[in-house]
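Coordinates in review
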Amino acid sequence: MDQKANDDMRINGRRARILTENIHSVKQRIEKVADGRKVRLIAVSKLKPANDILFLHDSPHRHRDFGENYAQELTEKAALLPPTIQWHMIGALQTNKCKPLAEQVANLYCVSSVDTVKKADALEKGRAVLAGRLGEEGEGARLRVLVQVNTSGEEEKSGVQPGEAVGLCRHVREKCPHLVLAGLMTIGALARSREASAGEGVNEDFVVLRETRDRVAEELKVEKGELELSMGMSSDFEGAIGLGSDEVRVGTTIFGERPARKDAKIKDDGTEEEEEEEK
């Protein structure tokens, strides 16, 4: 990314201070409960401009992991921003969008929402094309994937049922050579999250995901530590870490409230913020 492009996406001082304070606070909270474990923080940047992402990725923050919910938005931002960013596709992904995403975004680090064999196969095809295009460098193009588990049993939630996770995980490991089974992910019930955050017991969704991971590891004869747990968001990430989460997805606590999708900008020209700063 050249200096001019970097300068074009500079954010104003007020926004810079807000982002700096927010991400520093979140990282402190993670360290406090992680008890020495390394926990990956995915800064969920959906519907936020590339300007914010670039600020947090540049020095002195050097944050690498950013999550998006929409394939098109991720693809457009990836084309604007440095290849050193590790992109995470964390939202529900339609099968027909899997292959293009895996093929077009070389620095797509992980797809966290794999819940069908068809999606896994489509991601495999896309990554195989990318690897072929890269030649010898393609050896490092394997894509991490997480199997999404519907731990709450809610009909509107994506994810395989806990009892079906072993079969999908086995398929990824045995039939998808350009994918890496990195672990399991859940987005639990909001009510359970609120209860646990209020101190009313542990979040049952997190317990179910951990038990499912342990069962998958036993069935596939791999160490539990080879399969990460991805659980916890802005409202409950500390409780998730306490129950063993290896990565958390935090959005509004870092970036603030999101605009409506129709009002979101891939790149902010800064006009409104500059006017506000001058007042």
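The structure under discussion appears in the preceding block.
Here is a short report on the structure shown in this document. No experiment lies behind these values; they were computed from the predicted model shown. (Residues numbered from 1 in each chain as written. Predicted model: local features only at pLDDT ≥ 70, side-chain atom pairs only at ≥ 80, totals over all residues. Heavy atoms only, no water.)

A closer look at the overall build of the protein chain
So the rule is basically this: Secondary structure elements are defined from DSSP: runs of H or I of at least 4 residues count as helices, runs of E of at least 2 residues count as strands, and each element is numbered from the N terminus. Relative accessible area decides the class of each residue, using a 1.4 Å probe on protein chains only: under 20% of the type maximum gives buried, over 50% gives exposed, and in between gives partly exposed. Any two residues whose heavy atoms approach within 4.5 Å at even a single point are treated as in contact. The accessible surface values rely on the Shrake-Rupley method and a 1.4 Å probe; as for residues, cover is taken only from the protein chains in view.
Scanning the protein chain for helices and strands turns up 12 helices and 8 strands. A total of 279 residues make up the protein chain; the buried ones form 49% of that total. Partitioning the intrachain contacts of the protein chain with sequence separation of at least 6 by distance along the chain shows that 64% fall at a separation of at least 24. Within the structure as shown, the protein chain displays about 14,000 Å² of accessible surface, and the carbon and sulfur contribution to it stands at 46%.

A few points about the nonpolar core
Note the threshold: Nonpolar core, defined: a set of buried Ala, Val, Leu, Ile, Met, Phe, Trp, Tyr and Cys residues in which side-chain atoms within 4.5 Å join the residues together.
Within the largest apolar cluster, 66 residues are counted, with the highest numbers of intra-cluster contacts made by Trp87, Leu108, Val111, Leu123 and Ile254. Once you skip the residues sitting within four places of it in the chain, Ile254 turns out to touch Leu19, Asn22, Ile23, Val26, Leu41, Ala43 and Leu56.

Things to note about the pairing of strand β1 (residues 40-44)
Our working definition: Think of it this way: DSSP has to see at least two bridges between two strands before they count as a pair.
Of all 5 residues that make up β1, 5 are buried, and the element is covered over most of its length. Both faces of β1 are covered, namely the face carrying Arg40, Ile42 and Val44 and the face carrying Leu41 and Ala43. As paired strands, β1 and strand β8 (residues 247-250) are joined by 4 bridges and run parallel to one another. Across the sheet, the residue bridging to Leu41 is Val248, located in β8.

Some details on the pairing of strand β4 (residues 108-114)
The two faces of the sheet receive side chains in turn, since in a regular strand these alternate between them. Our working rule: For the handedness criterion, the strands are oriented away from the viewer, and a crossover whose path from the first strand over the helix to the second runs clockwise is classed as right-handed.
Of all 7 residues in β4, 6 are buried, a share of seventy percent or more. Here 3 bridges tie strand β3 (residues 86-89) to β4, and the two strands are oriented parallel to one another. Opposite Met89, over in β4, you have Val111 as the bridge partner. Since β3 and β4 lie parallel, the crossover through helix α5 (residues 95-104) that links them has a hand, and here it is right-handed.

Thoughts on helix α2 (residues 13-34)
Basically, it comes down to this: Each residue after the first adds 1.5 Å to the expected span of a helix.
Given a rise of 1.5 Å per residue, 22 residues ought to cover 32 Å, and the 31 Å separating the end C-alpha atoms of α2 matches this to within 8%. Note on α2: the residue one or two positions beyond its end, Asp35, has a positive phi of about 55°.

Looking at the packing of aromatic side chains
The test is simple: The pairing test for Phe, Tyr and Trp rings, Trp by its six-membered ring, is centres within 6.5 Å, and the orientation test on the planes gives stacked under 30 degrees, edge-to-face over 60, and tilted for anything in between.
By the definition in use, this model includes 1 aromatic pair. Relative to Trp87, the ring of Phe66 has its centre 6.4 Å away and its plane inclined at 50°; by these criteria the two rings are tilted. On the criterion of sequence distance, the pair formed by Phe66 in strand β2 (residues 65-68) and Trp87 in strand β3 is long-range, its members being 21 residues apart. Residue Phe66 shares its accessibility class with Trp87, and that shared class is buried.

Everything listed here is a matter of geometry and, on its own, says nothing about what the molecule does.
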